[in-house]
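Below are the chains, spelled out letter by letter.
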Amino acid sequence: MDFFVVEVLIGGLLTGVLYALVALGFVLIFKASGVFNFAQGSMCLFAALALVRLMEVLPVALALLCAAAIMIGLAFAIERLVLRPLVNQAAIILFMATIGITFFLDGLGQSLFGSEVYTLDLGIPKNPLILFEGVIPGGILVNEFDLWAAVIAGLLVAVLAVFFQRTRIGRALRAVADDHQAAQSVGIPLRHIWVIVWSVAGLVALVAGIIWGSKLGVQFSIALVALKALPVLMLGGLTSVPGAIVGGLIVGAGEKLSEVFLGPFLGGGIENWFAYVLALLFLLVRPQGLFGERIIERV
Amino acid sequence: MKQIGEPILTADRVTLAFGGVTALNEISFAIRRHEILAMIGPNGAGKTSMLNVINGFYHPQAGTITWKGATRRRMRPYHAAAQGIARTFQNVALFKGMTTLDNIMTGRLLQMRRNFLWQAIHFGPAEEEELAHRARVEQIIDFLEIQAIRKTPVGRLPYGLQKRVELGRALAMEPELLLLDEPMAGMNVEEKEDMCRFILDVNDEFGTTIALIEHDMGVVMDISDRVVVLDYGRKIADGPPDEVRTSPEVIAAYLGEEAGPHPNPNPRAVEGRGGG
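Bear in mind that the values here come from a model prediction, so they are computed numbers and not experimental data.

Asker: I would appreciate a short explanation of the overall build of chain A in the present structure.
Answerer: When helices and strands are counted, chain A shows 12 helices and two strands. Walking chain A from its N terminus toward its C terminus, one meets helices and strands in the order α-α-α-α-β-β-α-α-α-α-α-α-α-α. Evaluated residue by residue, chain A yields a buried proportion of 45% over its 299 residues.

Shown next, in the form of structure tokens:
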């Protein structure tokens, strides 16, 4: 058997982890406020831009801290200026508001930090690695950087899963997502919850921004990576952290494998549309995604 | 016979306006410890607005609320909840995707004191705490006779049971003052009887003070110790049920529709129920 398949699969899975990382930000905010945050991609870009420009004047560790502080500050600002006036509004209204945030952040980020392509180098090694040389003839070629990215994403997911599923904050979050007024009536402090969630989403955006920024360079196209997170969400379900991961892996592996094996028959370029077609098929069969909450309708 | 005590909550000349509409016009009344106070009045009289002022959803333009000795211009939902005011809503406001159990557990959130890091490892004190809260919630589930729907997502339950779960969530907060906004709306006779029994038992067994809004006059007269009547944002009567029932102003404004020929035909009486 040709181990080329395994190599493509692993490469695809590692890319999938990166998609999952962006998708994760969406899931967090959706779980906690029932809002689809269109601005997640722009938050990645904003965070990466802030970091890369801060690194020009500050040591790496300090720049990371400052960038994290900026994202938390942003969460406070969004809560105060956007969410608080919209308490008890329908989810679609909040969704529209996040589209506004998207444009605002794209503009603000580029006017504050400039719109050129910046190289982001945090010292993560980028050498090609040959693994399992002893086991498999010729070994398997992977990018060391991708491996590190996967490790980071894995850690992040573990921390978030524990934070959201085992603490009382998890229950409070689901309550807030369901009904603002009822949540307030049992004493859940809406504002704190929103600030916490948007801060966490901002920090996830920072991590995603760092990884994508190191890969592609920090530039506007990072904001568009978020588009790849949409099919991931359709697959995994909007409300599930593990769903975002599994969805990301399926999309990553699927598009690489189909490119290599179906590409020659269909004329190539499959990588660009594979995820969306897969998501479309999924919507027909299982609209809530693999791990999403069942949609309950009483008639 | 239960002891009705000193006022636990006092509203003093509370005025609330939305634009040009005055929803509450210098309303003053007291809720006394351990009593069941019914608030009645035609649709749009300001009953729900009054509850919203008490638990801080609305902030009145004038007047004060005195709760357990502290006088405030405005309450805030978080503080109201933390200081023992729980409520239910006219249109059931439950967390529809969650099970009955989880819904009621949200009522315990404020009582959970352990650091979330402890909860994350789910071990030692945090686990004990979770178990203690769970035990309390099970008592409430038994009390309300909803054991069978413990694990059912509430979105699937019939309306009457949803109202019961909502009461359960409020009870889980172990409130001193329970605000019930039309707890019996949309229920059949049997469900109403059950709900009446629960309300009386809560009042009796836990000593919880209850303020409720209800349109069913039979229920109001049966279970309340005192009745406050609102009309057009003004208070027009305040007293024991029998006294209120015979007050001419109340008959004119509200009870007229049930007390025979209307002395002063009220166009709002035909609007149906559900406002407030």
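Asker: Please clarify how the overall build of chain B should be interpreted in this entry.
Answerer: If you tally the helices and strands in chain B, you get 10 helices and 10 strands. Of all intrachain contacts in chain B linking residues separated by at least 6 positions in sequence, the fraction that spans at least 24 positions is 67%.

Asker: Which parts of the structure should I look at to understand the domain arrangement of chain B?
Answerer: How big an interface is tends to be reported as the loss of accessible area on association of its parts. Residues and elements named next belong to chain B. Domain boundaries assigned for chain B yield domain 1 (1-84 + 176-276) and domain 2 (97-174). Counting residues at the interface gives nine residues for domain 1, matched by nine residues for domain 2. Among the elements of the structure, α2 (77-82) and α7 (189-205) are those that each provide at least two residues to the side of domain 1 that touches domain 2. With three residues, the single largest contributor to the side of domain 1 that touches domain 2 is α7. For the side of domain 1 that touches domain 2, a count of residues per class yields seven nonpolar, one polar and one charged.

Asker: Any chance you could explain the environment of A:Ala244 here in plain terms?
Answerer: All names here are of chain A. As for its position among the elements, Ala244 is in helix α10 (residues 241-261). A tally of 31 C-beta atoms within 10 Å means that Ala244 is categorised as buried. Residues contacting Ala244, with those up to four places away along its chain left out, are Ala20, Ala23, Leu24, Val27, Val232, Leu233 and Gly236.

Asker: I keep staring at unusual backbone geometry and nothing clicks. Help me out?
Answerer: A negative phi angle characterises most non-glycine residues, just as the trans form characterises most peptide bonds. Residue and element names in this part refer to chain B. The backbone phi angle of Lys68 is positive, close to 50°, even though this residue is not glycine. Looking at where Lys68 falls in the secondary structure, it is placed in the loop between β4 (62-67) and β5 (70-72). With a phi close to 50°, Glu182 is a non-glycine residue in the positive phi region. Tracing the backbone shows Glu182 in the loop between β7 (177-181) and α7.

Asker: Got a minute to help me understand the pairing of β4(B) in this structure?
Answerer: Remember that side chains alternate between the two faces of the sheet whenever the strand is regular. Residue and element names in this part refer to chain B. In terms of strand pairing, strand β1 (residues 7-18) meets β4 through five bridges, oriented antiparallel. Bridge pairing in β4 links Thr15 to Ala62. Taken together, the three bridges between β4 and β5 define a ladder with antiparallel strand orientation. Within β5, the residue paired with Ile65 across the bridge is Arg72. Remark: two residues form the turn of the hairpin made by β4 and β5, two consecutive strands paired antiparallel; Lys68 in that turn has positive phi of roughly 50°.

Asker: I keep staring at the nonpolar core and nothing clicks. Help me out?
Answerer: Within soluble globular proteins, side chains that are nonpolar generally end up buried alongside one another. Ranked by internal contacts, the top residues of the largest apolar core, which has 162 residues, are A:Ala20, A:Ala23, A:Cys44, A:Ala47, A:Ala48 and A:Val197. The element contributing the most residues to this core is helix α8 (residues 190-216) of chain A, with 17 residues. Each of domain 1 (1-84 + 176-276) and domain 2 (97-174) of chain B gives at least three residues to this core. For A:Ala48, the residues in contact, after removing those within four places along its chain, are A:Leu120, A:Gly209, A:Ile210, A:Gly213, A:Val218 and A:Ile222.

Asker: Sorry if this is basic, but what is going on with the sheet that holds strand β8 (residues 209-213) of chain B here?
Answerer: Either a parallel or an antiparallel arrangement is found when strands of a sheet pair, and the pairing is made through backbone hydrogen bonds. Residue and element names in this part refer to chain B. On the basis of which strands lie adjacent, the open sheet formed by six strands has the order β6-β7-β8-β3-β9-β10 and mixed pairing. Each end of this open sheet is capped by a strand with a single partner; those strands are β6 (85-87) and β10 (234-239). Each strand axis lies, on average, 15° off the axis of its neighbour in the sheet, ignoring direction. Bridge analysis of strand β3 (residues 36-40) against strand β9 (residues 226-231) gives four bridges, and the strand direction is parallel. Looking at β9, one finds that Ile40 is bridged to Val229. Running over the sheet, helix α1 (residues 47-54) touches β3, β6, β7, β8 and β9 and is turned about 150° from β7.

Asker: Can you walk me through the sheet that holds β5(B) in this structure?
Answerer: Residue and element names in this part refer to chain B. Across the sheet, which stays open at both edges, the four strands sit in the order β2-β1-β4-β5 with antiparallel pairing between neighbours. Single-partner strands in this sheet number two, and they are β2 (21-32) and β5. Within the sheet, the average angular offset between the axes of one strand and its neighbour, ignoring direction, is 15°. Against the sheet, α1 contacts β1, β2 and β4, and its axis sits at roughly 65° relative to β2.

Asker: I would appreciate a short explanation of the interface of chain A and chain B in the present structure.
Answerer: Listed by partner, the interface residues are 23 residues for chain A and 30 residues for chain B. Elements that contribute at least two residues to the side of chain A that touches chain B include exactly α5 (144-166), α6 (168-178) and α7 (180-185) of chain A. The biggest single contributor to the side of chain A that touches chain B is α6(A), with seven residues. Classifying every residue of the side of chain A that touches chain B gives 10 nonpolar, five polar and eight charged.

Asker: Which parts of the structure should I look at to understand the environment of B:Met187?
Answerer: All names here are of chain B. Along the chain, the position of Met187 falls in the loop between β7 and α7. In sequence terms Met187 and Gly160 are 27 residues apart; their C-alpha atoms lie 5.9 Å from each other. Beyond its immediate stretch of four places on either side in the chain, Met187 contacts Gly160, Lys192 and Met195.

Asker: Quick question: what am I supposed to make of α1(B) here?
Answerer: Within an α-helix, residues lying three or four positions from one another point in the same direction, as the helix has 3.6 residues per turn. Counting buried residues in α1(B) gives eight out of eight residues, a clear majority hidden from the surface. One or two residues past the end of α1(B) sits B:Gly56, with phi positive at roughly 90°.

Asker: Would you take a moment to explain the confidence of the model for chain B for this structure?
Answerer: Predicted coordinates in regions of low pLDDT should not be interpreted in detail. Residue and element names in this part refer to chain B. The predicted model of chain B has a mean per-residue pLDDT of 84, with 86% of residues at 70 or higher. Under a pLDDT of 50 for its full length, residues 258-276 has, in the predicted model, 27 contacts with residues more than four places off or in other chains. On the interface metric, ipTM, the complex scores 0.73, and its pTM is 0.73.

Asker: Explain the pairing of β1(B) to me, please; I cannot follow it from the model alone.
Answerer: Note that β1(B) and β2(B) share eight bridges and pair antiparallel. Bridge pairing in β2(B) links B:Leu9 to B:Ile31.

Asker: Would you mind going over α7(B) with me for this structure?
Answerer: With 17 residues, α7(B) extends 24 Å from end C-alpha to end C-alpha; this agrees with the ideal 24 Å at 1.5 Å per step. The first or second residue beyond α7(B) is B:Gly207, which carries a positive phi of 70°.

Asker: Looking at this structure, I do not really get the packing of α6(A) against α8(A). What am I missing?
Answerer: Residues and elements named next belong to chain A. Running from N to C, α6 and α8 point in directions that differ by 105°, and their axes come no closer than 11 Å. On the basis of their axis angle, the class for α6 and α8 is roughly perpendicular. Contacts between α6 and α8 pair Ala172, Leu173 and Val176 from the former with Leu190, Ile193 and Val197 from the latter. Among the residues forming the contact of α6 with α8, the class breakdown is six nonpolar, no polar and no charged.

What counts and what doesn't
Residues numbered from 1 in each chain as written. Chains lettered and ligands numbered in written order. Predicted model: local features only at pLDDT ≥ 70, side-chain atom pairs only at ≥ 80, totals over all residues. Helix = DSSP H or I, 4+ residues; strand = E, 2+ residues; numbered from the N terminus. Buried ≥ 20, exposed ≤ 12 C-beta atoms within 10 Å, placed from the backbone. Contact = placed C-beta atoms within 7 Å. Domains from an automatic or database assignment. Nonpolar A, V, L, I, M, F, W, Y, C, P; charged D, E, K, R; others polar. Pairing = 2+ DSSP bridges. Core = buried A, V, L, I, M, F, W, Y, C linked by C-beta atoms within 7 Å. Axes fitted to C-alpha atoms, helices over the stretch in contact; angles between N-to-C directions. pLDDT = per-residue confidence, 0-100. Expected span 1.5 Å × (residues − 1). Parallel < 35°, antiparallel > 145°, perpendicular 65-115°, else oblique.

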